[in-house]
Amino acid sequence: MKYNFDEIINRRGTYSVKWDGGDFIKKAGLTSRYDDETIPLFTADMDLPVPQPLIDALHKTVNHRIFGYTVFPPEYFEAIQHWFKKRHDWEIKKEEIVYSPGTVHALNVAVRAFTEPGDGVIIQRPVYPPFTSSIESNGRVVRNNALKPDEEGYYHIDFEDFEAKAKEESTKMFILCNPHNPTGRIFTVEELKRLSEICAANNVLIVADEIHGDLVRRSQTFVPIAKAAGDADQIITFTAINKTFNVAGLHCTNAVISNPQLRGKFSKAMGHQSPNPFMISVLIAAYTEGEDWLEQLKEYIDGTMDWVVNFLADQMPKVKVRIPEGTYIMWMDFSGYGLTPDDVHDRIYHKANVLLEDGKMFGEEGLSFQRICIPSPRPMIKEAFERIAREFEDVK
Ligand SMILES: Cc1ncc(COP(=O)(O)O)c(C=O)c1O
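Description of the structure in this document.

What counts, and at which threshold
- Residues numbered from 1 in each chain as written.
- Predicted model: local features only at pLDDT ≥ 70, side-chain atom pairs only at ≥ 80, totals over all residues.
- Heavy atoms only, no water.
- Near = heavy atom within 4 Å.
- Polar contact = N/O pair within 3.5 Å; in protein donor to acceptor, adjacent residues only side chain to side chain.
- Areas by Shrake-Rupley, 256 points an atom, 1.4 Å probe, with all protein chains shown as cover.
- Nonpolar A, V, L, I, M, F, W, Y, C, P; charged D, E, K, R; others polar.
- Pairing = 2+ DSSP bridges.
- Helix = DSSP H or I, 4+ residues; strand = E, 2+ residues; numbered from the N terminus.
- Axes fitted to C-alpha atoms, helices over the stretch in contact; angles between N-to-C directions.
- Contact = heavy atoms within 4.5 Å.
- Expected span 1.5 Å × (residues − 1).
- Buried < 20%, exposed > 50% of the residue type's maximum accessible area, 1.4 Å probe, protein only.
- Salt bridge = Lys/Arg side-chain N within 4 Å of Asp/Glu carboxyl O.

## Regarding the site of the ligand
- Around the ligand sit 13 residues in total, of which Thr103, Asn181, Asp209, Asn242 and Lys243 are the nearest.
- Between Asn181 and the ligand, the recorded distance is 2.8 Å, taken from a side-chain N or O atom to an oxygen atom.
- Within the complex, the protein chains bury 89% of what would otherwise be the 400 Å² of accessible surface of the ligand.
- Residues belonging to the shell around the ligand are distributed by class as follows: 5 nonpolar, 6 polar and 2 charged.

What follows is the structure, given as structure tokens:
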């Protein structure tokens, strides 16, 4: 491996929400303990260095010494088109791409542009919490088509319930998360087709958050819903380099919208955006020169996930976990201990001093779960799990 992902890089003092965000984290109610010994593995960014071509591109931009207003060069669009064609066999036209300074921002813009206050929006809990807030904080109503775990902890779509919710007069939108955060599901082409058929039959617009689509296990394939559905006329897709290349702080999301009316409405609601030059140069470098790094990263993440599953089977066999098909997130069910969620929280967050994310944040379906983001150096992940295991020894 060319990159040394085991290297622990000190991120304190770099404005990192994970490593410098104690006050914010406490205020947000994630934990009441946060100090220099805390291992923060809650938010989805990596404690791993980005590919060298991205660093070179940033240096080049810095060396210009002038950071004025920007325009998107043709290479920006070509890089996106090339990446999605090569990696996902998905043809995107240049004019279909609309920039947004972030995915959560784009979600809010879409909800406001395409629904009215009081309208219903389908989501599939347990799910990334800003899905809920983008609906509720804009005065729309959540229609929860909860994903259903089987005995093996593998999540399935309840299509009957989905169709019933789509048929409701006030339902206007479905926000899909694929790969799904936090369950790790990658929905199959058949599932995606069925979802899109139901939405089309009931005039429900699909907004697909696919920003984890490049971070899947090496044995897995991800198919964008716009491709699986055949007809993408009523589909808005969000893609991003933030997760894939660990550049969330540079704020770069690209919506892909083939329907010109929808695109016009979305662009108008988004308003004029003047992206920063660092983001432009990083995207071009990532999508043209980042593939080799990504393949190494995927191998590393797969290895860490294997380690976690083996460690838990050995040291904490009451935790139910499975290797997710996609994302770098693991979703662990602690119900086997018979402890209250508060007791589980106390042992992990206060005693072990490891900061994860309580499953209840993802909806009531997640009450007995803990979510961990594992794209950190493996020695750090090992220490976190060793600390946690020690605090559960008395109930092993
Ligand atoms: C599914 C999903 N969507 C959106 C985001 C946030 O994206 P952004 O930083 O571009 O707003 C995350 C971050 O964890 C995520 O997991």
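## A look at the sheet that holds strand S4 (residues 141-144)
- Spatial ordering of the open sheet is given by S2-S10-S9-S8-S7-S3-S4, a layout of 7 strands whose pairing is mixed. Two strands in the sheet have a free side with no partner beyond their single neighbour: strand S2 (97-100) and S4. Geometrically, the sheet is characterised by an average inter-axis angle of 25° between neighbouring strands, direction not taken into account.
- Note that S2 and strand S10 (residues 253-257) share 4 bridges and pair antiparallel. Paired with Val98 across the two strands is Ala255, which belongs to S10.
- Against the sheet, helix H10 (residues 260-270) contacts S2, strand S8 (205-209), strand S9 (235-240) and S10, and its axis sits at roughly 20° relative to S2.

## What to know about helix H14 (residues 378-391)
- The first and last C-alpha atoms of H14 sit 20 Å apart over 14 residues, in line with the 20 Å expected at 1.5 Å per residue.
- Looking only at H14, the buried set comprises Met380, Ile381, Ala384, Phe385, Arg387, Ile388 and Ala389.

## As for the pattern of salt bridges
- As enumerated under the stated definition, the model contains 24 salt bridges in all.
- Its salt-bridge partner being Asp89, residue Lys227 comes within 3.6 Å of it at the nearest N-O pair. One end of the pair, Lys227, is in helix H9 (residues 225-228); the other, Asp89, is in the loop between helix H4 (74-88) and S2, with 138 residues separating them in the sequence.
- The closest approach of N and O atoms between Asp302 and Arg217, which form a salt bridge, is 2.8 Å. Linking Asp302 in helix H12 (residues 291-315) with Arg217 in the loop between S8 and H9, this pair joins segments that are 85 residues apart in sequence. Of the two residues, Asp302 and Arg217, neither departs from the other in class, the shared state being buried.
- Each of Arg11, Lys18, Asp45 and Asp47 takes part in a single network of salt bridges with overlapping partners.

By themselves, these figures tell us nothing about what the structure is for.
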